[in-house]
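Remarks on the overall topology
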Amino acid sequence: MNEAIVLGILAITIASGASVLYATLGEVIGERAGIVNLGVEGSMLVGASVSFAVAGTTESAAVGVLAGALAAGAFNLVLAVFVVSRRTDQLASGLALWLLGFGLSTLLGSRFVGHRVGGLAEVDLPFFDALPSSYAQVLRQDVLAYLMVPAAVVIWWMLFRTSWGLRLRAVGEDRTTAYAAGLHPARVQYQALFIAGVLSGIAGAQLSLGYTKTWQEGMTTGRGFLAVAIVIFSLWHPLRAIAGAFLFGAAVALGLQLQALGAPVSPFALDMLPYLITLAVVLVWGRPRAFTVPMGLREVFEGTGR
Amino acid sequence: MAAVVARLVGPLPAPARAAISWAGWVGLAFVLFAVVLVVAGKDPLLAYASILGNTLGTAYGLSETLVKMTPLLLTALAVAVPARVGLVNVGGEGQLFVGGLAASFVALTVPDLPALLLVPSMAVAGFAGGAVWGAVCGYLRARGWLNEVFSTLLLNYLAVLVVQMIVYGPWRDAESANYPQSPQFATSAWLPTLGNTRVHLGLAIGIVAAVAFFLVLQRTRWGLEMRAIGGNSEAARRCGIPIATYTVLLLAVGGGLAGVAGMAEASGLHHRLSPGLSSGYGFVGFLASWLAGHRPLLIVPMAFLLAVLAAGGDILQITQSIPYAVVNVLMALILFVVLAARAAGRTAR
């Protein structure tokens, strides 16, 4: 394999992995606070459609991203009302949130199908021109792709080095004990779900304004669900999530490159790669071990069905 | 709401109270969806009137609703069977596609068999295909490797891609120009239909399956053991009930029922394999099962209710130019309010 192909794969890995990483980070925060949100897919669609619509109307990608992030954050509070305040079943509520986001984003986005926007500008520093073009394409990414690793570090710091993060994790381990210790579990979980929503909104915005620059009904194609699976692989740790998201991105990139090189394989088989590789790594490295799963999640997974 | 009615007509029996409060919550979802439509600049009254008029208002509309109900009923049972032991099967969509694929394989490889042999073989193949797709997830769960929620969800996407790969590739019908679909089945592979409607035998299969599941739950040792695991899995384990076996088996049976839905759609309605075999029936079936609290006999009316909405989604697209997927908003709202009502009932006790 020659250098240009490897660099091409790397460039697409970053661009397509970014949205998954933001969504995964959001889910890590939610699950650390004891809430499994299967609706990430829906929040991402809300973020993608709102940011696309706003960026298209105001002609400012930055305003678009901001609007998409806030809309998805507010959208996640719908879930909070049900699972935190009304204590509904988390898994079924999450799927309802996904359907809700799917429907609402379709309604909003129907006017924008086929439109193109300028989208997020690529970072372009003067020295890029001095580099060979195959190297420069790796560096010419949108701002959100540049910010994804710093975002993971900030979230790691928030979760593990601040008292807010300690409180959040305490609620996620054992809501009742946290309450007895004088914390406000409901308030913490609302905050966690809002931040998770903002991050999935950014994920959606990166997808519609950065990666594809178009809006399409259901354009996230399972990325939100994959993010939930990558959380398991990452053992609920923001920094390991980077590796998970890059694996997903690499699978997408590999498929696209093989197609571009004219490999005699069905494009649909290549589209299976991200799902297969994610499932495989979750199975190999994501076996729940003692002390890694937030204790509060056990009742979600074991007390289901009624 | 039940309290208001009780004040008007006197004390009510418990089931009537439950039904009224349930109807009240679902009504709330319809009101919320009307608000969404108004915000989007559509006329909600017109939308509801056109849904009702075109589904329940005419004989043709009713028959088309029953056509939609068939896969919903079977995929809802696919959710309910594993749900009775606390397993969440979100993979009905994928299991449906794999079942349709397996049934189509039989129909296309041995088209010369007589109908009496061919159709049952297709049903068996459909069941087996869906069952394998479900059993894989059951095995992963039973070994403690991966929760079935994630595996069933992700396998949906894989199943659709497998079907696309096949109908765009080896099975592509040369005669249907740009449509990626398999050649049409021989007529001996078609499920019989009712009169001159499109309602096919799949509906009867679904109703029989619902009743059979009810009887198994209520009258057999397996049903007792399933209810025991669902009630308290630790206690069930200590009584020597093989939980791992049930996990794999019930996800297989659930997957199999969804697979039969795929077979019925391919054999009774489309008469071929195509990526349009399902428009999200697996997910709507999930809703139907949750609305019914996974109770088999209640699933039948719930599948009908959601079939009205699913058929309504098509109608809204045609008459009000509202995209089909928007009907998901209404379905999500119904699920939300019913979940909330159930949770509220739990805290009240």
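Structural data are supplied above this passage.
Now for a description of the structure that goes with this document. (Residues numbered from 1 in each chain as written. Chains lettered and ligands numbered in written order. Predicted model: local features only at pLDDT ≥ 70, side-chain atom pairs only at ≥ 80, totals over all residues. Heavy atoms only, no water.)

Another point: the overall build of chain A. Within chain A, the secondary structure is distributed over 13 helices and 0 strands. Mapped from its N terminus to its C terminus, chain A presents α and β elements in the order α-α-α-α-α-α-α-α-α-α-α-α-α. The globule rule puts the C-alpha radius of gyration for 306 residues at 19 Å, and the 19 Å found for chain A is close to it. With the C-alpha coordinates aligned to their principal axes, the bounding extent of chain A is approximately 60 × 45 × 40 Å. Counting over 306 residues, chain A shows a buried share of 58%. Counted over contacts in chain A with a minimum sequence separation of 6, partners at least 24 positions apart contribute 77%. (Helix = DSSP H or I, 4+ residues; strand = E, 2+ residues; numbered from the N terminus. Rg over C-alpha atoms; globule rule 2.2 N^0.38 Å. Buried < 20%, exposed > 50% of the residue type's maximum accessible area, 1.4 Å probe, protein only. Contact = heavy atoms within 4.5 Å.)

Our next topic: the side chain of Asn 156 of chain B. Residue and element names in this part refer to chain B. With respect to the helices, strands and loops of the structure, Asn 156 is situated in helix α7 (residues 148-168). For Asn 156, a relative accessible area of 3% gives the class buried. Engagement of the side chain of Asn 156 in a polar contact is seen with the backbone oxygen of Val 90, the distance being 2.9 Å. Excluding residues that lie within four positions of it along the chain, Asn 156 makes contacts with Val 90, Gly 91, Gly 92, Glu 93, Gly 94 and Phe 283. (Polar contact = N/O pair within 3.5 Å; in protein donor to acceptor, adjacent residues only side chain to side chain.)

The next subject is the nonpolar core. Inside soluble globular proteins, nonpolar side chains tend to come together where they are buried. Formed by 213 residues in total, the largest nonpolar core has its most connected members in Leu 38 of chain A together with Met 122 and Leu 306 of chain B. The residues touching Leu 306 of chain B, leaving out its near neighbours within four places in the chain, are Leu 72, Val 284, Leu 287, Ala 288, Leu 291 and Met 331 of chain B. (Core = buried A, V, L, I, M, F, W, Y, C linked by side-chain atoms within 4.5 Å.)

Now for unusual backbone geometry. The phi dihedral of Lys 213 of chain A falls on the positive side, at around 60°, and the residue is not glycine. One can find Lys 213 of chain A in the loop between α9 (185-211) and α10 (223-233).

Turning our eyes to something else, we now look at the packing of aromatic side chains. According to the stated counting rule, one finds 13 aromatic pairs over all chains in the structure shown. Note on Phe 105 of chain B and Trp 171 of chain B: the rings are 6.3 Å apart at their centroids and 20° apart in plane angle, and the pair reads as stacked. A residue pair is termed long-range when its members are at least 10 positions apart, and Phe 105 of chain B in helix α5 (residues 92-109) and Trp 171 of chain B in the loop between α7 and α8 (202-219) qualify at 66 residues. For Phe 105 of chain B, a relative accessible area of 47% corresponds to the partly exposed category. Both rings, one in Tyr 139 of chain B and one in Trp 145 of chain B, keep their centres 6.1 Å apart while their planes meet at 90°; by these two values the pair is edge-to-face. Assessed through its relative accessible area of 39%, Tyr 139 of chain B is described here as partly exposed. Given a relative accessible area of 25%, Trp 145 of chain B falls into the partly exposed group. A cation over a ring is seen here: Arg 240 of chain A above Phe 233 of chain A, with NZ or CZ 5.4 Å from the ring centre. (Phe/Tyr/Trp six-rings, centres within 6.5 Å; stacked < 30°, edge-to-face > 60°. Lys NZ or Arg CZ within 6 Å of the ring centre and 35° of its normal.)

Bringing the environment of Gly 8 of chain A into the picture now. Residues and elements named next belong to chain A. Among the secondary structure elements, Gly 8 is positioned in helix α1 (residues 3-32). Along the backbone, Gly 8 and Leu 256 are 248 residues apart, and their C-alpha atoms lie at a distance of 9.8 Å. Other than its neighbours up to four places away in sequence, Gly 8 contacts Gln 137 and Gln 257.

With 48 residues of chain A at the interface, the matching set in chain B holds 48 residues. Looking only at chain A, the three residues that lose the most surface to chain B are Leu 99, Leu 107 and Phe 268 of chain A, adding up to 15% of its buried area. Where chain A packs against chain B, one counts 0 salt bridges. Where chain A meets chain B, there are 1 residue pair in polar contact (both at pLDDT 80 or more). Elements with a minimum of two residues in the side of chain A that touches chain B: α3 (61-85), α4 (90-109), α10 and α12 (267-285) of chain A. The element that contributes the greatest number of residues to the side of chain A that touches chain B is α4 of chain A, accounting for 14 residues. The class makeup of the residues in the side of chain A that touches chain B is 29 nonpolar, 10 polar and 9 charged. (Buried area = accessible area lost by both parts, 1.4 Å probe. Salt bridge = Lys/Arg side-chain N within 4 Å of Asp/Glu carboxyl O. Nonpolar A, V, L, I, M, F, W, Y, C, P; charged D, E, K, R; others polar.)

This next bit is on a nonpolar patch on the surface. Residues and elements named next belong to chain A. There is a patch of nonpolar side chains on the surface, built from Leu 125, Phe 127, Leu 131 and Tyr 135 and spanning about 350 Å² of accessible area. Its place among the elements puts Tyr 135 in helix α5 (residues 133-139). Accessibility expressed as a relative area gives 35% for Tyr 135, which makes it partly exposed. (Patch = residues over 30% accessible without salt bridge, like charges linked within 9 Å, V, L, I, M, F, W, Y side chains within 5 Å. Areas by Shrake-Rupley, 256 points an atom, 1.4 Å probe, with all protein chains shown as cover.)

Taken by themselves, the reported measurements are silent on function.
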